[in-house]
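The primary structure of each chain is shown beneath.
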Amino acid sequence: MIYTNELCGLPLQTGDLICTTDGKEDILPGELWHAVGKLVPGPVDHVIIYVGPGGRCVEAGAKLKVITFEFQGHAWHPETLVEQRGPLIDTFYGIAYPLAGIDLETATPIRESVAAYCLAQAAAGKPYNLHFHDSDTEAAFYCSQLAYKAYLPHGINLNTGVGVPAMPGTTSIIFPQEIWAGCEHRRR
């Protein structure tokens, strides 16, 4: 089933990617996460897969495993999600649309498959992948790697290298910024 929602004024469908920047001004935990985000190239530090219904999402993040959580309403309030997500405080950046331009008939089964894949990783409690160079593993996941692995069987390779500096030995890392830069996307 394909679900639709709206987040910060932007349309959202099952399989779309919520992109955030680590940190949030005016609260101490947010300032600490902002410092962590400086380690990741580009303004996008984190990727979350929207699966629906409602505000249900899947991420690999601060709880050091793949989890589901649900945002309420149509705004991003990370401080209200700490119990579900762990201590990650981030700021909404925008939504990346890996399936933009693909017809509905083709996109629907991909969206369903992406959601099923991500939910299965959360149900299995897959751990966080601290070995960022090992993006081919399915034993553990980091945020952007989870999205990459969910889309790859459908011929959609989110490891584009677009939007990140070329650094020796990093081509196997799936950076959140390269997903943002390599997909059609929208900011509010």
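Heads up: these notes are all about the structure in this document. (Residues numbered from 1 in each chain as written. Predicted model: local features only at pLDDT ≥ 70, side-chain atom pairs only at ≥ 80, totals over all residues. Heavy atoms only, no water.)

## A word on the sheet that holds strand β8 (residues 184–186)
Part 1 of the reasoning: Pairing is antiparallel across the open sheet formed by six strands, whose spatial order is β6-β5-β4-β3-β7-β8. At either end of the open sheet lies a strand with only one pairing partner, and these are β6 (66–70) and β8. Across the sheet, the mean angle separating the axes of adjacent strands is 35° when strand polarity is ignored.
Part 2 of the reasoning: Bridging between strand β7 (residues 90–97) and β8 involves three bridges; their strand directions are antiparallel. Following the sheet pairing, Ile 95 is matched in β8 by Arg 186.
Part 3 of the reasoning: Sheet contacts for helix α3 (residues 104–123): β4 (46–50), β5 (56–60) and β6; angle to β6, the most-contacted strand, approximately 110°.
Part 4 of the reasoning: Contacts from helix α4 (residues 143–151) reach β3 (17–22), β4, β5 and β6 within the one sheet, and its direction differs from that of β4 by about 45°. (Pairing = 2+ DSSP bridges. Helix = DSSP H or I, 4+ residues; strand = E, 2+ residues; numbered from the N terminus. Axes fitted to C-alpha atoms, helices over the stretch in contact; angles between N-to-C directions. Contact = heavy atoms within 4.5 Å.)

## Details of the pairing of β5
Part 1 of the reasoning: For β5, the tally of buried residues reaches four of five residues, placing the bulk of the element in the interior.
Part 2 of the reasoning: In this structure, β4 lies alongside β5, joined through two bridges in antiparallel fashion. Counterpart to Ile 49 in the pairing with β5 is Val 58.
Part 3 of the reasoning: What sits between the antiparallel neighbours β4 and β5 is a turn of five residues, in which Gly 52 has the positive phi angle 75°.
Part 4 of the reasoning: As paired elements, β5 and β6 share five bridges and run antiparallel to each other. Bridge pairing links Cys 57 to Phe 69 in β6. (Buried < 20%, exposed > 50% of the residue type's maximum accessible area, 1.4 Å probe, protein only.)

## Structural notes on the nonpolar core
A general tendency of soluble globular proteins is for nonpolar side chains to be buried together.
Part 1 of the reasoning: Counting 35 residues, the largest nonpolar core has Leu 17, Ile 49, Cys 118, Leu 146, Tyr 151, Leu 158 and Ile 179 as its most contacted members.
Part 2 of the reasoning: In terms of residue count, α3 provides more of this core than any other element does, seven residues in total.
Part 3 of the reasoning: Residues within four places of Ile 179 in sequence aside, it is in contact with Leu 17, Val 47, Ser 144, Ala 147, Leu 158 and Ile 174.
Part 4 of the reasoning: Counting residues in hydrophobic clusters, the runner-up holds 16 residues, among them Cys 57, Trp 76, Ile 95 and Tyr 97. (Core = buried A, V, L, I, M, F, W, Y, C linked by side-chain atoms within 4.5 Å.)

## Notes on α3
Part 1 of the reasoning: The terminal C-alpha atoms of α3, which comprises 20 residues, lie 28 Å apart, in line with the 28 Å expected from a rise of 1.5 Å per residue.
Part 2 of the reasoning: Among the residues of α3, those classed as buried are Ala 107, Ile 110, Arg 111, Val 114, Ala 115, Tyr 117, Cys 118, Gln 121 and Ala 122. Buried residues of α3, viewed axially, fall in a sector of 160°; they line one side. The exposed residues of α3 that point more than 90 degrees off its buried face are Glu 105 and Ala 123.
Part 3 of the reasoning: On its buried face, α3 sits against β2 (10–13), β4, β5, β6 and α4. (Expected span 1.5 Å × (residues − 1). Arc of directions from axis to C-beta.)

## A short note on the pairing of β2
Part 1 of the reasoning: Here β2 shows a clear split, with Leu 10 and Leu 12 buried on one side and none of Pro 11 and Gln 13 buried on the other.
Part 2 of the reasoning: Pairing of strand β1 (residues 4–7) with β2, which is carried by four bridges, proceeds in the antiparallel orientation. Bridge assignment links Asn 5 to a residue of β2, and that residue is Leu 12.
Part 3 of the reasoning: Between β1 and β2, which pair antiparallel and follow one another directly, the connecting turn spans two residues, one of which, Cys 8, has a positive phi of 55°.

## Some thoughts on the packing of aromatic side chains
Part 1 of the reasoning: Per the stated rule, a full pass over the model turns up six aromatic pairs.
Part 2 of the reasoning: Aromatic side chains Tyr 93 and Trp 180 sit 5.0 Å apart centroid to centroid with 75° between the ring planes, which places their arrangement in the edge-to-face category. Here Trp 180 lies in helix α5 (residues 176–182) and Tyr 93 lies in strand β7, a separation of 87 residues in the sequence. Each member of the pair, Tyr 93 together with Trp 180, is buried.
Part 3 of the reasoning: Where Phe 132 meets Tyr 142, the ring centres are 5.0 Å apart and the plane angle is 65°; that geometry is what we call edge-to-face. In this pair, Phe 132 is assigned in the loop between α3 and α4 and Tyr 142 in the loop between α3 and α4, connecting sequence segments 10 residues apart.
Part 4 of the reasoning: Look at Phe 132 and you get partly exposed, because its relative accessible area is 35%.
Part 5 of the reasoning: Under the relative-accessibility criterion, Tyr 142 is labelled buried at 2%.
Part 6 of the reasoning: Taking NZ or CZ as reference, Arg 85 lies 5.0 Å from the ring centre of Phe 69, over its face. (Phe/Tyr/Trp six-rings, centres within 6.5 Å; stacked < 30°, edge-to-face > 60°. Lys NZ or Arg CZ within 6 Å of the ring centre and 35° of its normal.)

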